[in-house]
Amino acid sequence: MLAEIGLAALALAFLLTIYATFASLAGARAHAARWRESGRRAALLTFPALLLAAGMLIIALMTEQYQLTYVYEVTDPRTPPFYRFTALWGSQRGSLLFWSLLLSAFTFGAISLNWRSERRLMPYAIACMMATLAFFLGMSLILENPFERWWISADGQAVARALIPAGATAPTEASLRAGAEGLNPLLRHFGMAIHPPMLYLGFVGFTIPFAFALAALASGDLSSGWLRVTRRWSLIAWIFLSIGLILGGRWAYDVLGWGGYWGWDPVENAAFLPWLMGTAFIHSAMIQEKRGMLKLWNMFLVIATFSAVMFGAFATRSGVIDSVHSFARSEVGFPMLAFWAAMTLIALGALLWRWNRGELRDEQQFANFLSRESMFVLNNVVFVALFIAIFWGSFALPIASELFLGKEVTIGPETFEFYVVPLFIAMYILMGVAPLSAWGRMSAARLGGALKLPLMLSLLSIAALILIGTNAAVASFGYGVVLFAGFVALYEIYRGAGARRRSLGESPLRALAALFGRNQRRYGGYIVHLGVTVIGIGVIGSTVFQTEVQHTLARGETVAVGAYALRYDEFTRAQAVDGRMMSISDVTVLRDGAEIARIRPRVDEFPQMPMTIAGAHSTLENDFYVLLISGGRERATFRIYINPLVNLVWWGGILLIIGTAIAAYPKVLPERPQRKREAS
Amino acid sequence: MADVNWEKPKNPEKPKRRERLKFISAGVVILVSVLYLLVSGTLQGARYFITVADLLEDPSYLERTVRISGAVIGESIDYDSEQAIIRFEIVNIPSQYDDLASALHQAVQDPLAARLQVLVEDAAIPDLLQHEAQAILTGALQRDGVFQATELLLKCPSRFEESTAPEGLSQIPEHL
């Protein structure tokens, strides 16, 4: 019954999307309020319909309905309830349904928040959102149905069908339970419970800005409305995508056991590409708001971000690219490619049409090379160059070489690093210079004056690093550049709060709070810059100074590793509640002869594969990260990593998210500053 | 929602010739730098992604860095934990296939498929290194016939894999 209800809800949602698309378009073209309203209601209804469909699948997962092939594939009788729930996005079909559910939720939110304020844009935006949702639901219904069930056909063969075939019967529960495959052990990690939903929220979220951009192009309403609403939704999508990327790194660090968090794998890169384009847009949108410039470019960036999301979905779900993440060659590949190409071409066509009609002309021109708008353009160039380099290495080069040379050519992580390190250096320098520049005009002397203090602090930091014995020149230079961006952000916050203190006589804390309250976007942005600075420090520390050794120790034996020592204490075998056997080693971490931590690196034996679970002693200074390679009661082999400053990557990520939340938080009351004179 | 300062142009300013020159020069410098990065990086780091059969048939690949893919033979896996050296064998899988799991299964069953010995130094043994896993290796074939890998990637078992018909259900119709 669950499957029937789920299937019916899915089909209903699909019909609603088709209706909403046409009703909204008809309402917009014919200026018919009734059709527009009808389209809006149909679009709103897709959310409860999909909530019902996803709810049925979750109930099926939780209550072990193994006749559903999806439940059979991703769970087994030993799967704990928590992972039964997260199995909703544990494989292709569930994740497609989950994607659709999130898109309908975003659509619901966009309609609820923007229907009144953006009346002219909304019907077109709804049509675009619904067309996208219709595509995903169509794939779920036709190619990747999550409500498909096992049947035994009349000739005794097991077949998977959504509806019962003629003469078929249902298999017994016992035989289904015995064969159920269980969730991939790599996905049994808390990070995987949050990482995919966050990533999907980011991907799906970028559909809303795209829909508003397309609506502006279709309706011809290219005033500030579309940009205002698009920028806010972009920030929301950007927060989720950032959280998803950071959690993905954390999951790789904890689970994959190689002491790293980013491997330049095509699947990772596919998620990073829309983030780069989205970041470029968030910056360049400010130029359009402040100066009426870059109208064409901003529209292009919104389209490119959505296009990157759809291309990433195609590349990672179709199996066209070899990745360490496993993706079977699935039938969704061609439809996804076709949809990506169609949406991108339609949007670019509409953009060129409006541009050709002169409706996207800038209101001002770049008059000064050192102005803030010029710096923002340079910042955009860096993000686009990063996008091109990563897209080239991940997708364009392998696909083009296969097509034109008949042999696939690939590049490795070291080449990606060769591409991106100079571009990241340029990004950090611009993060430092741009905030100190002024809109419109800026002289070299004034900019030089403003840069003096942060530059001096950066040079002092480099000198201090050399003095304390940092012998890697590259790292010292890198720290200097990264810190420069951070010092500028701190300097700007300090200057802003100082100005309020002097002119309004506020206390330091009140001045700081008022500063952020009055200009959330600017100062929230500086917190984001600080977060990116902290991430940069963590990345340099953990890549340049990483220590990696392997030792076999007798029980009770100690080995020195850097400033630490490791003692192998005990080895035990135990069984977890879900039945898996665990080989657990107890080790003690020592520093200067004193015990500082006891950790338990272990190996879990799942039916499909073993899973090495690292033990780590984490501090802000570094991670002492230990893997149990092989073990017995008397001797065990450990691989030991010391990852300096790696935790700053996660803390920087948190800072980045806090900053973005400040920047995106809706402003309720515009505060009127009280002059000190008036107060007294 | 944030308030927007939509400033209509009062006196649209045209950039002076000197400023325009600066923009053009900066654009050219950036374009050339990015092109240089892409071209030089690709020329240095590019390597063919070939099959085991291609590698063994063409002597020009000897001692050249390439990327290969093959199916792991489980019983050949040997890990020296003292020296941190992994040794195992892979067999050829075709460059084109419909279903990876079937391609890997057929490859390890085929006694005539091209086989290659692999050596990976200073590495922890990956959890996914098991029978019928797909190994993607970067390294070079040495004169002794062993492929010395500097990078070993293994495909996760089927996160998005299509469901296959469970044998148990079709074989026990009397249970229905």
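Note that this is a predicted model, so its numbers are computed, not measured. (Residues numbered from 1 in each chain as written. Chains lettered and ligands numbered in written order. Predicted model: local features only at pLDDT ≥ 70, side-chain atom pairs only at ≥ 80, totals over all residues. Heavy atoms only, no water.)

Enquirer: What should I look at first to understand the overall build of chain B in this one?
Expert: Within chain B one finds four helices and six strands. Ordered by position from N to C terminus, the α and β elements of chain B give α-β-α-β-β-α-β-β-β-α. For chain B, the proportion of contacts with a sequence separation of at least 24, taken over those separated by at least 6, is 62%. For chain B, the computed accessible surface area is about 9900 Å², with 51% contributed by carbon and sulfur atoms. (Helix = DSSP H or I, 4+ residues; strand = E, 2+ residues; numbered from the N terminus. Contact = heavy atoms within 4.5 Å. Areas by Shrake-Rupley, 256 points an atom, 1.4 Å probe, with all protein chains shown as cover.)

Enquirer: Help me understand the overall build of chain A, please; the structure alone is not making it clear to me.
Expert: The secondary structure content of chain A amounts to 21 helices and 13 strands. Referenced to the eigenvectors of the C-alpha coordinate spread, the extents of chain A come out at roughly 85 × 80 × 65 Å. Within chain A, buried positions represent 61% of all 680 residues. Summarising the internal contacts of chain A: among those between residues at least 6 apart in sequence, 70% fall at separations of at least 24. Carbon and sulfur atoms make up 66% of the accessible area of chain A, which totals about 26600 Å². Within chain A, one finds 56 positive and 43 negative side-chain charges whose respective centroids are separated by 14 Å. (Buried < 20%, exposed > 50% of the residue type's maximum accessible area, 1.4 Å probe, protein only. Lys, Arg positive; Asp, Glu negative; His and termini not counted. Charge placed at Lys NZ, Arg CZ, Asp CG, Glu CD.)

Enquirer: Could you clarify how one ought to interpret a nonpolar patch on the surface in this entry?
Expert: A contiguous nonpolar surface patch, about 360 Å² in accessible area, is contributed by Leu453, Met456, Leu457 and Leu460 of chain A. Tracing the backbone shows Leu460 of chain A in helix H16 (residues 444-467). (Patch = residues over 30% accessible without salt bridge, like charges linked within 9 Å, V, L, I, M, F, W, Y side chains within 5 Å. Salt bridge = Lys/Arg side-chain N within 4 Å of Asp/Glu carboxyl O.)

Enquirer: Sorry, what's going on with helix H1 (residues 17-45) of chain B here?
Expert: An α-helical segment advances 3.6 residues per turn. Residues three or four places apart therefore align on the same side. Taking 1.5 Å per residue as the helical rise, H1 of chain B with its 29 residues ought to reach 42 Å, and the 41 Å between its terminal C-alpha atoms agrees with that figure. Among all positions in H1 of chain B, only Glu19, Ala26, Val34, Leu37, Leu38, Ser40, Gly41, Thr42 and Gly45 of chain B are buried. Elements that come into contact with the buried residues of H1 of chain B comprise helix H14 (372-404), strand S3 (408-410) and helix H15 (413-433) of chain A together with strand S1 (47-51) of chain B. (Expected span 1.5 Å × (residues − 1).)

Enquirer: Can you walk me through the sheet that holds strand S4 (residues 547-554) of chain A in this structure?
Expert: The strands making up a sheet are joined through hydrogen bonds of the backbone, oriented either antiparallel or parallel. All names here are of chain A. Strands sit in the order S4-S13-S12-S11 across an open sheet of four strands; the sheet is antiparallel. Every other strand in the sheet has two partners, leaving S4 and strand S11 (615-618) as the edge strands with one partner each. Recorded for the sheet is a direction-independent mean angle of 20 degrees between the axes of neighbouring strands. Where S11 and strand S12 (residues 622-631) come together, four bridges link them in antiparallel fashion. Across the sheet, the residue bridging to Ala616 is Tyr625, located in S12. (Pairing = 2+ DSSP bridges. Axes fitted to C-alpha atoms, helices over the stretch in contact; angles between N-to-C directions.)

Enquirer: What exactly am I supposed to notice about the packing of aromatic side chains here?
Expert: All chains considered together, the criterion is met by 37 aromatic pairs over all chains. With a centroid separation of 5.1 Å and an interplanar angle of 25 degrees, the aromatic rings of Trp99 of chain A and Phe136 of chain A are classed as stacked. Within this pair, whereas Trp99 of chain A is found in helix H5 (residues 92-114), its partner Phe136 of chain A is found in helix H6 (residues 122-142), the two being separated by 37 residues in sequence. Pair check on accessibility: Trp99 of chain A and Phe136 of chain A agree, each one buried. Their ring planes at 70 degrees and their centres at 5.6 Å tell us that Trp262 of chain A and Phe272 of chain A sit as a pair that is edge-to-face. Taken together, the residues Trp262 of chain A in the loop between helix H10 (224-255) and helix H11 (266-291) and Phe272 of chain A in helix H11 connect sequence positions ten residues apart. Aromatic rings pair up to connect Phe85, Trp89, Phe98, Trp99, Phe135, Phe136, Tyr200, Phe203 and Phe339 of chain A into one cluster. Over the face of the ring belonging to Phe49 of chain B we find Arg67 of chain B, whose NZ or CZ atom lies 5.2 Å from the ring centre. (Phe/Tyr/Trp six-rings, centres within 6.5 Å; stacked < 30°, edge-to-face > 60°. Lys NZ or Arg CZ within 6 Å of the ring centre and 35° of its normal.)

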